[in-house]
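Overview (structure and organization)
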Amino acid sequence: MNFNKTSFLHTFLFAIFPIIHLYSINTIEVTLTEIFLPLLISVLLTGIFLVIVKLILKDGIKSGLIVSLMLILTFSYGHLYDWINSEVSEEIGRHSILLPIFLILLLVGSTLIIKTKIKLDNFKIIVNVIAITLIIITIPNFVFAEVSVSETSDELIFSNFQINYEIEKIISIQQEKPDVYYVVFDGYGGTKNMLKDLNYDNYGFLSELSDRGFFAPDSSSSNYPSTIWQMESIFSMNYVPIKEKELSDIEYNSIIHKILRNNEVMRNFHDLDYKIIQYQPNGFVEQEYTYVDQTFCTEDVSNNSKFGITLLRTSILSYLNYLIEIDSKRDGLLCGFSEISKLTDNETSPIFVYMHLAIPHPPYVFDSNGDSVIGGKAQTEEKSFVNKQQYVDTIKFSNKKTLQFIDDILEDNKKSIIILQSDHGYDFGIDTQNPSEIHLKQRFSNLNAILLPEHDDLLYEGMTPVNTFRIIFDAYFDTSYGTIDDKMYYHPYESTTRYKDIDFKDITSIIRD
């Protein structure tokens, strides 16, 4: 290849690199076809900018370098913004500060390129080599990932994990089947811990739940620190399987997602002729489940736009994307709170409703009265709990709306089962790689309030989410799951380590202390 004749090669490579790199680190959750539209848009826009700059400068090499600089600054902005906020200072890591700096860098860099009298042929070659190297380094990652995921066996080969499907052993279930509402509040901490850590008294809410018949302890713990592991554990009614040595990270996590997608809880309800309904709003797209019959509060979000939203978060358009996301989140939450109690209208089958609410998890979009606010970081797992007062205000608003939909559900059917749980607690100031005992207890403290009509005697202090549906199926459908030991397991859960070298540590004694 003659690099001297490729003035724009590096420009188009920089246009596609951020997309294939983002795909390469998200192969568990994104399919290869989902990157095609972002690639096409990025290449087309890059071509348009190149034509415009070339018409102005009448110099191909300089035009290519200026557009490459613009692409580098555009796609590095979100990463630098996150890094500064996490590792340096939130006061410095503001869009009002960083955006002008990036624009100045683009202006200064473009001016230097335009005014230089030095021949840029050799510099262009160096930039081409850098761009090609980045692509070469990235391509094997997602090619291997695509092959590994496609070859992952559908058989669950973990020696320490077994799917039971107890419902299949029951010939006939004659008794009345209660409607079941499972509501997950993302990042809702335990009441006892919040009083100590945040000086917030949430006992009034627990008292209201108790008055309605709920088992609502002030101290409870999740089994895992991250949503994906906790939900897999809840819906499989078992602990996340230990990674077999022969499995790659990609293969292991692919199987985890398959277990979740085809989970035993939903399969059981499906076999019991329940209609399975999932809350799936735009802005908080959950796992797609095999046995879901219907969704609610759903907006049409294509796979391309899901990937595109994540891509925009890494770019200089991240703030605009953030504003769009929080509006969508606000609308989705209000829809969920208002619509969940209406799902039985004109419904003859029993229903199992799963509603995973992105509240009180940041970004915070409501104050305590439900008025709109903008606060907190974009929705990520790592170090995003940054404003304690807004977190508390969000919980206050959530509590009000929760009591309202509970009353509406029970007014229609007093025999309904209602489960209110959080997947994990909060993590103000946590070092995920080396968390203190205090931070572990904060992250694992959770909400766990359950209404089991006529079977509340089966619930117990210290019960964790992994046993929730074991108890329900045994009590109402004569299965024989029994309960398993309540344990807590930790692995660093920030995005850079969540899917790598999974090695869960048993921290039960720390959390129970």
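See above for the structure.
Residues numbered from 1 in each chain as written. Predicted model: local features only at pLDDT ≥ 70, side-chain atom pairs only at ≥ 80, totals over all residues. Heavy atoms only, no water.

Turning to the overall build of the chain, a few remarks are in order. Across its full length, the chain carries 16 helices and ten strands. A buried classification covers 54% of the 513 residues belonging to the chain. If you sum the accessible surface of the chain, you get close to 23,000 Å²; carbon and sulfur atoms cover 56% of it. (Helix = DSSP H or I, 4+ residues; strand = E, 2+ residues; numbered from the N terminus. Buried < 20%, exposed > 50% of the residue type's maximum accessible area, 1.4 Å probe, protein only. Areas by Shrake-Rupley, 256 points an atom, 1.4 Å probe, with all protein chains shown as cover.)

A word on unusual backbone geometry. Most of the time, phi is negative for any residue but glycine, and the peptide bond is trans. Geometrically, the link from isoleucine 359 to proline 360 is a cis peptide bond, its omega value of 10° lying close to zero. Among the secondary structure elements, proline 360 is positioned in the loop between strand E4 (351-357) and strand E5 (364-366). A cis amide bond links proline 362 to the next residue, proline 363, at an omega of 0°. Along the chain, proline 363 turns up in the loop between E4 and E5. You will see that cysteine 297, though not glycine, has its phi angle at about 60°, which is positive. You can see cysteine 297 is positioned in the loop between strand E3 (294-296) and helix H11 (303-313). Looking at cysteine 297, the relative accessible area reads 15%, which means it is buried. Of note, the phi angle at glutamate 454 is positive, near 70°, even though the residue is not glycine.

Glancing now at the pattern of salt bridges. Enumeration according to the criterion identifies nine salt bridges in this entry. A salt bridge links lysine 342 to glutamate 339; the nearest nitrogen and oxygen atoms lie 3.4 Å apart. Under the relative-accessibility criterion, glutamate 339 is labelled partly exposed at 30%. Between aspartate 503 and lysine 505 there is a salt bridge whose closest N-O contact spans 2.9 Å. The class for lysine 505 is partly exposed, based on a relative accessible area of 47%. Here the salt bridges do not stand alone but share partners, grouping Glu208, Arg212 and Asp407 into one network. (Salt bridge = Lys/Arg side-chain N within 4 Å of Asp/Glu carboxyl O.)

End to end, helix H9 (residues 249-261) covers 18 Å across 13 residues, agreeing with the expected 18 Å (1.5 Å per residue, within 8%). Summarising burial for H9: ten of the 13 residues are buried, a large majority. Of all the positions in H9, only Ile250, Tyr252, Asn253, Ser254, Ile255, Ile256, His257, Lys258, Ile259 and Leu260 are classed as buried. (Expected span 1.5 Å × (residues − 1).)

Looking now at the side chain of serine 110. Secondary-structure assignment places serine 110 in helix H4 (residues 95-115). Look past the residues within four positions of serine 110 in its chain and what remains in contact with it is Ile66 and Leu69. (Contact = heavy atoms within 4.5 Å.)

Here we take up the packing of aromatic side chains. With the rule as written, the count across this model stands at 35 aromatic pairs. Seen from their ring centres, tyrosine 188 and phenylalanine 205 are 6.5 Å apart, and the 35° between their planes marks the pair as tilted. With tyrosine 188 in the loop between strand E1 (180-185) and helix H6 (191-198) and phenylalanine 205 in helix H7 (residues 203-211), this residue pair connects regions lying 17 residues apart in the sequence. The residues tyrosine 188 and phenylalanine 205 share a single accessibility class, namely buried. When the ring of phenylalanine 473 is compared with that of tyrosine 481, the centres are 6.2 Å apart and the planes differ by 45°; the resulting orientation is tilted. Accessibility assignment for this pair places phenylalanine 473 and tyrosine 481 in one class, buried. Taken together, the ring pairs connect Tyr182, Phe235, Phe269, Tyr274, Tyr289, Phe352, Tyr354, Phe469, Phe473, Tyr476, Phe477 and Tyr481 into an aromatic cluster. (Phe/Tyr/Trp six-rings, centres within 6.5 Å; stacked < 30°, edge-to-face > 60°.)

Turning to the nonpolar core, a few remarks are in order. The biggest cluster of nonpolar side chains holds 56 residues, and the ones touching the most others in it are Tyr182, Phe235, Phe269, Phe352 and Phe469. For this core, the element with the highest residue contribution is helix H15 (residues 468-477), accounting for seven residues. Discounting chain neighbours no more than four positions away, the residues touching tyrosine 182 are Met231, Ile234, Phe235, Phe352, Val353, Tyr354, Met355, Ile419, Gln421 and Phe469. (Core = buried A, V, L, I, M, F, W, Y, C linked by side-chain atoms within 4.5 Å.)

Another aspect to go through is the sheet that holds strand E2 (residues 275-279). Ordered by their spatial adjacency, six strands build an open sheet running E3-E2-E4-E1-E7-E8, and the pairing between neighbours is mixed. Strands with a single pairing partner mark the edges of an open sheet, and in this sheet they are E3 and strand E8 (448-451). Pairwise comparison of adjacent strand axes, ignoring direction, gives a mean angle of 15° for this sheet. Bridging between E1 and E4 involves six bridges; their strand directions are parallel. Bridge pairing links tyrosine 182 to tyrosine 354 in E4. Against the sheet, helix H8 (residues 227-236) makes contact with E1, E4 and strand E7 (417-422), and its axis sits at roughly 165° relative to E4, the strand it touches most. (Pairing = 2+ DSSP bridges. Axes fitted to C-alpha atoms, helices over the stretch in contact; angles between N-to-C directions.)

Let us look at the side chain of arginine 470. Relative to the helices and strands, arginine 470 is located in helix H15. At 3.3 Å, the side chain of arginine 470 forms a polar contact with the backbone oxygen of glycine 482. In this view, arginine 470 contacts Met237, Asn238, Tyr481, Gly482, Thr483 and Ile484; residues no more than four positions away in its chain are not counted. (Polar contact = N/O pair within 3.5 Å; in protein donor to acceptor, adjacent residues only side chain to side chain.)

This brings us to the packing of H8 against helix H10 (residues 264-271). Contact pair H8 / H10: the axes reach a minimum separation of 6 Å and the direction vectors enclose 35°. Contact residues: H8 offers Ile234, Phe235 and Ser236, while H10 offers Glu264, Val265 and Met266. Looking at the contact of H8 with H10, its residues break down into four nonpolar, one polar and one charged. (Nonpolar A, V, L, I, M, F, W, Y, C, P; charged D, E, K, R; others polar.)

With seven of its seven residues buried, E4 lies for the most part within the structure. As defined by bridge partners, E2 adjoins E4 across four bridges and the pair is classed as parallel. Bridge pairing in E4 places glutamine 278 opposite tyrosine 354.

Function-wise, these values are silent; they only describe arrangement.
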